[in-house]
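Coordinates in review
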Amino acid sequence: VSVGVLPFVSLSGHTNDERLADGITELVITRLASRPRLCVISRTSSMHYKGSRARLTEIARELNVSRIVEGSILHPGSVLQVVVQLIDPQSDMHVFTRSHTRTLVDELRSQNEIACTIAEEIGTRLDPERQPRLSHARPRPEKRRFFICGAATPGCAGRDARAEGLPVARCV
């Protein structure tokens with residue numbers, strides 16, 4: 001699976017936050033590139049699209065990738081929120097999306113934690129070894145309540161959908 005990680009966008013517009021967004025972009029690229037079954041486009045090629053208004057289909061074609069990762073950061077005060085999206089550029093549909101929020105005590109540590117989590121989540125979604133299991137997985141009727149609730153959601157009797165082997169990525 002080939003992936004291009006587009007430069008994360010700072011929604012605040014502050015110069016310092018641009019540096020933070022670039023740092024998270026680079027860490028996500030580095031973490032994803034360390035996964036053996038993924039082909040990740042270089043940071044230099046990806047950064048070419050910083051501020052680009054090109055359509056994802058065009059970017060994917062130019063980078064020759066089957067998936068695009070894009071994201072944004074918002075840094076109001078001592079809180080950092082990072083939103084990441086894995087997109088199928090051919091359909092322009094989200095494959096995966098997640099938001100991570102951290103209180104910034106140690107900026108570098110928070111960046112690394114978020115990037116590691118993002119890379120793990122996206123890497124798992126893109127791992128060809130896991131795809132047949134995820135795409136064909138169906139919850140058992142008696143487990144449906146836990147499937148709908150997702151992982152560690154109140155009202156799910158404290159059970160974790162992941163522990164049940166359910167595809168929580170499909171929860172709505």
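Read on for an overview of the structure. (Residues numbered from 1 in each chain as written. Predicted model: local features only at pLDDT ≥ 70, side-chain atom pairs only at ≥ 80, totals over all residues. Heavy atoms only, no water.)

1. A closer look at the overall build of the protein chain
- Helix and strand content of the protein chain: six helices and six strands.
- Starting at the N terminus and walking to the C terminus, you meet the elements of the protein chain as β-β-α-β-α-α-β-β-β-α-α-α.
- Within the protein chain, the proportion of its 172 residues that are buried is 41%.
- Restricting the contact set of the protein chain to residue pairs at least 6 apart, pairs at least 24 apart contribute 52%. (Helix = DSSP H or I, 4+ residues; strand = E, 2+ residues; numbered from the N terminus. Buried < 20%, exposed > 50% of the residue type's maximum accessible area, 1.4 Å probe, protein only. Contact = heavy atoms within 4.5 Å.)

2. A short note on the nonpolar core
- Counting residues in hydrophobic clusters, the biggest one holds 25 residues, and the most contacted among them are Phe8 and Ile122.
- Of all the secondary-structure elements, those providing two or more residues to this core are strand S1 (2-5), helix H1 (15-33), strand S4 (67-74), strand S5 (79-88) and helix H4 (107-126).
- No other element matches H1, which puts seven residues into this core.
- When sequence neighbours within four positions are dropped, the list of residues in contact with Phe8 reads Ala21, Ile24, Thr25, Val28, Glu70, Gly71, Ser72, Val82, Val83, Val84 and Ile118.
- Of all hydrophobic cores here, the second largest spans 10 residues; its members include Ile41, Tyr49, Ile59 and Val65. (Core = buried A, V, L, I, M, F, W, Y, C linked by side-chain atoms within 4.5 Å.)

3. Structural notes on a nonpolar patch on the surface
- On the surface, a nonpolar cluster with roughly 250 Å² of combined accessible area is contributed by Val9, Leu11 and Leu74.
- Of note, Leu11 is situated in the loop between strand S2 (9-10) and H1. (Patch = residues over 30% accessible without salt bridge, like charges linked within 9 Å, V, L, I, M, F, W, Y side chains within 5 Å. Areas by Shrake-Rupley, 256 points an atom, 1.4 Å probe, with all protein chains shown as cover. Salt bridge = Lys/Arg side-chain N within 4 Å of Asp/Glu carboxyl O.)

Any link to function would need more than the numbers given here.
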